[in-house]
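Architecture and fold: a report
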Amino acid sequence: ARGAVFLAEGKVSIARGYFDRALKSAPNEPKVLSGCGMCCVMERRPEEAWGFFNKALSVDPIHTVAAHHIFECAKELGRYAEATTVLR
C-alpha cells in the first residue's frame, strides 16, 4: 500500500523500493506486479513494464489495472497484436 501512495505522489524511486520488497514475498500477486509495472512506466521503461503486466494478467486475466496499462505499453512498443493475444 505504501508503494501505491508514493507512486501516486510521483516518488517513483521510493515506490519502487516498496514494490520490490513486496515482489520478493508475493511474486505472483497481480497488484504487486502491476505496481512494479507502473514504476517502470513512470521510469519510461515500457519493455520491462510489459513483462510485469503480462505476468499479472497470466495470474488474473481480469486485473483491470494490468489490462489497461498493457495497452499503453503496446502503444509505446508497437505490440498491439501481442497485447490482444495476452488478453485473450
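Right above here is the structure, for reference.
These lines cover the structure that appears in this document, whether it is placed above or below.

Definitions and limits used
- Residues numbered from 1 in each chain as written.
- Predicted model: local features only at pLDDT ≥ 70, side-chain atom pairs only at ≥ 80, totals over all residues.
- Heavy atoms only, no water.
- Helix = DSSP H or I, 4+ residues; strand = E, 2+ residues; numbered from the N terminus.
- Contact = heavy atoms within 4.5 Å.
- Core = buried A, V, L, I, M, F, W, Y, C linked by side-chain atoms within 4.5 Å.
- Buried < 20%, exposed > 50% of the residue type's maximum accessible area, 1.4 Å probe, protein only.
- Salt bridge = Lys/Arg side-chain N within 4 Å of Asp/Glu carboxyl O.
- Disulfide = S-S within 2.5 Å.
- Axes fitted to C-alpha atoms, helices over the stretch in contact; angles between N-to-C directions.
- Parallel < 35°, antiparallel > 145°, perpendicular 65-115°, else oblique.
- Nonpolar A, V, L, I, M, F, W, Y, C, P; charged D, E, K, R; others polar.

Focus: the side chain of Arg16
Secondary-structure assignment places Arg16 in helix H2 (residues 12–25). Not counting residues up to four positions away in its chain, the partners in contact with Arg16 are Cys36, Cys39, Cys40, Glu43, Arg45, Glu48 and Phe52.

Observations concerning the nonpolar core
With 22 residues, the main nonpolar core has Leu7, Phe19, Cys39, Trp50 and Phe53 as its most contacted residues. In this view, Cys39 contacts Leu7, Val12, Ala15, Arg16 and Phe19; residues no more than four positions away in its chain are not counted.

Looking at the pattern of salt bridges
Any two side chains of opposite charge can pair, given that their charged atoms come close. Taken as a whole and assessed by the stated rule, the structure comprises seven salt bridges. The shortest N-O distance in the salt bridge between Glu9 and Lys11 comes to 3.4 Å. A salt bridge links Arg16 to Glu43; the nearest nitrogen and oxygen atoms lie 3.3 Å apart. Residue Arg16 is located in helix H2, and its partner Glu43 is located in the loop between helix H3 (30–42) and helix H4 (46–59); the two are separated by 27 residues in the primary sequence.

Quick word on the environment of Phe6
Its place among the elements puts Phe6 in helix H1 (residues 2–8). Sequence separation between Phe6 and Arg16 is 10 residues, and the spatial gap between their C-alpha atoms is 8.8 Å. For Phe6, the residues in contact, after removing those within four places along its chain, are Lys11, Ile14, Ala15 and Tyr18.

A short note on the state of the cysteines
Using the criterion set out here, one finds zero disulfides in the structure. Cysteine Cys36 remains unbridged, with the sulfur of Cys39 as its closest cysteine sulfur at 6.3 Å. Cys73 carries a free sulfur, and the closest cysteine sulfur to it, the one in Cys40, is 8.4 Å from it. The class of Cys73 is buried, set by a relative accessible area of 2%.

Observations concerning the packing of H4 against helix H6 (residues 80–87)
At a minimum axis separation of 10 Å, H4 and H6 run at an interaxial angle of 25°. When the interaxial angle is binned, H4 and H6 end up roughly parallel. Across the interface between the two elements, Trp50, Asn54 and Leu57 of H4 pack against Glu82, Ala83, Val86 and Leu87 of H6. Tallied by class, residues from the contact of H4 with H6 come to five nonpolar, one polar and one charged.

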